[in-house]
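A structural walkthrough
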Amino acid sequence: MRTKNFRTLLLCCALPLFTTGCESLFTIEVEAEEICKTEDDLSFPAAFPGSASVEQAIQVPLGDFASALPDDTDVETQLRLKVFNATATTDISGIQRASLSVRKPGSVEYVLLGEFRASGNGGATNTLQLTGSGAVDVLDLAKQEELEFLFKAEGSLPTQPWSADVRVCVGAKASANYFGLLF
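The notes below deal with the structure included here. (Residues numbered from 1 in each chain as written. Predicted model: local features only at pLDDT ≥ 70, side-chain atom pairs only at ≥ 80, totals over all residues. Heavy atoms only, no water.)

Relative to the helices and strands, Leu79 is located in strand β3 (residues 75-88). By relative accessible area, Leu79 is classed as buried at 3%. In the structure, Leu79 is positioned 91 residues away from Val170 in sequence and 6.6 Å away in space, judged by C-alpha atoms. (Helix = DSSP H or I, 4+ residues; strand = E, 2+ residues; numbered from the N terminus. Buried < 20%, exposed > 50% of the residue type's maximum accessible area, 1.4 Å probe, protein only.)

So this is what it looks like as structure tokens:
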């Protein structure tokens, strides 16, 4: 009798382990601390005097970042803006707001990664730095060969064509679950 009770107790204790925690044993993660792209002489058009906005797309190659991830599973990707610096050929102190977003694969929707808001009446400057808003979850983004970022700026923009040297760095982390493939 004692052995039968012990087996029943052991089975009752093991059942929750098989039904709840096993999935996490079959996960693979890939992380890149920093993926950077520098664009020299990125051109921007002249703006009408007063308030205006401008947009510019920037392609950032991921390389073989996702080569270790399985093709048959969904991949959860987290992106974090590490650095966005722009050094312009003219005064850009009139920019009141700027943002950097990334496009989801196969979509027209962009996800905000970082932004800048003017904090007061600073002097003339030709540099702009955006700060990240934290990690952003975007499904299957890691499987792309390159990412499309969209830089937007609003405010009193230069009234003559201008250019800027831009440096973008993101941190990426992706994970895929093998549990569905195995069972």
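Here a disulfide denotes one covalent bond, and it connects the sulfur atoms of two cysteines. A complete count under the given rule lists one disulfide for this structure. Between Cys36 and Cys169 runs a disulfide, and the two sulfur atoms are separated by 2.1 Å. What sets the handedness of the Cys36 and Cys169 disulfide is the S-S torsion sign, and at about 115° it is right-handed. Within this pair, whereas Cys36 is found in strand β1 (residues 27-44), its partner Cys169 is found in strand β9 (residues 162-177), the two being separated by 133 residues in sequence. (Disulfide = S-S within 2.5 Å.)

Our focus in this paragraph is the pairing of β9. Taken across its 16 residues, β9 has 12 buried, putting it largely inside the fold. Pairing analysis gives 14 bridges linking β1 to β9, with the strands arranged antiparallel. From the neighbouring strand, Glu31 faces β9, where its bridge partner is Lys173. Strand direction decides the pairing type here: β3 and β9, joined by 13 bridges, are antiparallel. The partner of Asn85 across the bridge, within β9, is Arg167. (Pairing = 2+ DSSP bridges.)

Right, let's get into the pattern of salt bridges. Taken as a whole and assessed by the stated rule, the structure comprises seven salt bridges. The closest approach of N and O atoms between Lys82 and Glu33, which form a salt bridge, is 2.9 Å. Residue Lys82 is located in strand β3, and its partner Glu33 is located in strand β1; the two are separated by 49 residues in the primary sequence. Given a relative accessible area of 34%, Lys82 falls into the partly exposed group. Residue Glu33 is classed as exposed on the basis of its relative accessible area, which comes to 53%. (Salt bridge = Lys/Arg side-chain N within 4 Å of Asp/Glu carboxyl O.)

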